[in-house]
Amino acid sequence: MAITALQNQPVWIPVSERLPEDYVPVNITWVNHNPDPYYASIKDVPFTATGICYEGKWYWYSTVCEDYLKEYGYYEPDVVDDEIEITAWMPLPEPYMESE
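Residues numbered from 1 in each chain as written. Predicted model: local features only at pLDDT ≥ 70, side-chain atom pairs only at ≥ 80, totals over all residues. Heavy atoms only, no water.

### Some remarks on the pairing of strand β5 (residues 84-91)
Bridge count between strand β1 (residues 13-14) and β5: two bridges; the pairing is antiparallel. Directly across from isoleucine 13, in β5, lies its bridge partner tryptophan 89. As judged from the seven bridges shared by strand β2 (residues 26-32) and β5, these two strands associate in the antiparallel manner. Residue pairing in the sheet places tryptophan 30 in a bridge with isoleucine 86 of β5. (Pairing = 2+ DSSP bridges. Helix = DSSP H or I, 4+ residues; strand = E, 2+ residues; numbered from the N terminus.)

Here is the structure:
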């Protein structure tokens with residue numbers, strides 16, 4: 001059972017390989033190559049978050065952002081800064097469901 005669970009785990013997909021579908025929230029790995037001086041300790045350190053891609057542009061994910069993208073095609077407050085590189089993504093896991 002454990003082997004099957006491991007085989008069904010999503011894998012990281014480099015953005016150089018392909019991007020996710022528009023409007024689909026995904027887990028992302030991101031790196032800040034030029035942080036503000038008070039964040040110097042995070043320079044070039046990979047982090048994970050949830051993001052959404054639309055027409056090749058990345059946004060930090062929120063349901064508000066997703067709604068604005070679908071309605072207007074842009075949402076300034078959640079656009080990922082140019083200093084941040086999204087290196088890879090993976091589908092979100094299925095939500096937890098209590099056993100019946």
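Once you've had a look at it, read on.
### Digging into the packing of aromatic side chains
To describe a pair of aromatic rings, you give the distance between the ring centres and the angle between the ring planes. Going through the model one piece at a time under the given rule, you end up with seven aromatic pairs. Ring geometry for tryptophan 30 and phenylalanine 47: centres 5.1 Å apart, planes at 25°, overall stacked. Highlighted residues: tryptophan 30 in strand β2 and phenylalanine 47 in strand β3 (residues 47-54), separated in sequence by 17 residues. Note on tyrosine 59 and tyrosine 74: the rings are 6.1 Å apart at their centroids and 80° apart in plane angle, and the pair reads as edge-to-face. Of this pair, tyrosine 59 sits in strand β4 (residues 57-60) while tyrosine 74 sits in the loop between α2 (63-72) and β5; the two residues are 15 residues apart in sequence, bridging distant segments of the chain. (Phe/Tyr/Trp six-rings, centres within 6.5 Å; stacked < 30°, edge-to-face > 60°.)

### Considerations on the pattern of salt bridges
Following the criterion strictly, the structure yields one salt bridge and no others. A salt bridge links glutamate 66 to lysine 70, with the nearest nitrogen and oxygen atoms 3.3 Å apart. Of this pair, glutamate 66 and lysine 70 both sit in helix α2, four residues apart, roughly one helical turn. For glutamate 66, a relative accessible area of 14% translates into the label buried. Judged by its relative accessible area of 48%, lysine 70 is partly exposed. (Salt bridge = Lys/Arg side-chain N within 4 Å of Asp/Glu carboxyl O. Buried < 20%, exposed > 50% of the residue type's maximum accessible area, 1.4 Å probe, protein only.)

### Here's the deal with the sheet that holds β3
The sheet built from five strands is open, its strands ordered β1-β5-β2-β3-β4 with antiparallel pairing. In this open sheet, the two edge strands, each paired with only one partner strand, are β1 and β4. Relative to β3, β2 runs antiparallel, the two being bridged by five bridges. Directly across from isoleucine 28, in β3, lies its bridge partner alanine 49.

### Quick word on the layout of surface pockets
The calculated volume of the largest pocket comes to roughly 160 Å³. Of the residues contributing to the lining of the largest pocket, the split by class is five nonpolar, two polar and three charged. (1 Å grid on protein atoms, 1.4 Å probe; cavity = no way out; pocket = protein on both sides within 12 Å on 5 of 7 lines; lining within 4 Å. Points joined across faces, edges and corners; volume = space filled by probe spheres on them. Nonpolar A, V, L, I, M, F, W, Y, C, P; charged D, E, K, R; others polar.)

### Considerations on the pairing of β4
Bridge count between β3 and β4: four bridges; the pairing is antiparallel. When the sheet's bridge partners are listed, cysteine 53 is paired in β4 with tryptophan 58. Turn length for the β3-β4 hairpin, with the two strands adjacent in sequence and antiparallel, is two residues, and the turn residue glutamate 55 shows positive phi of about 50°.

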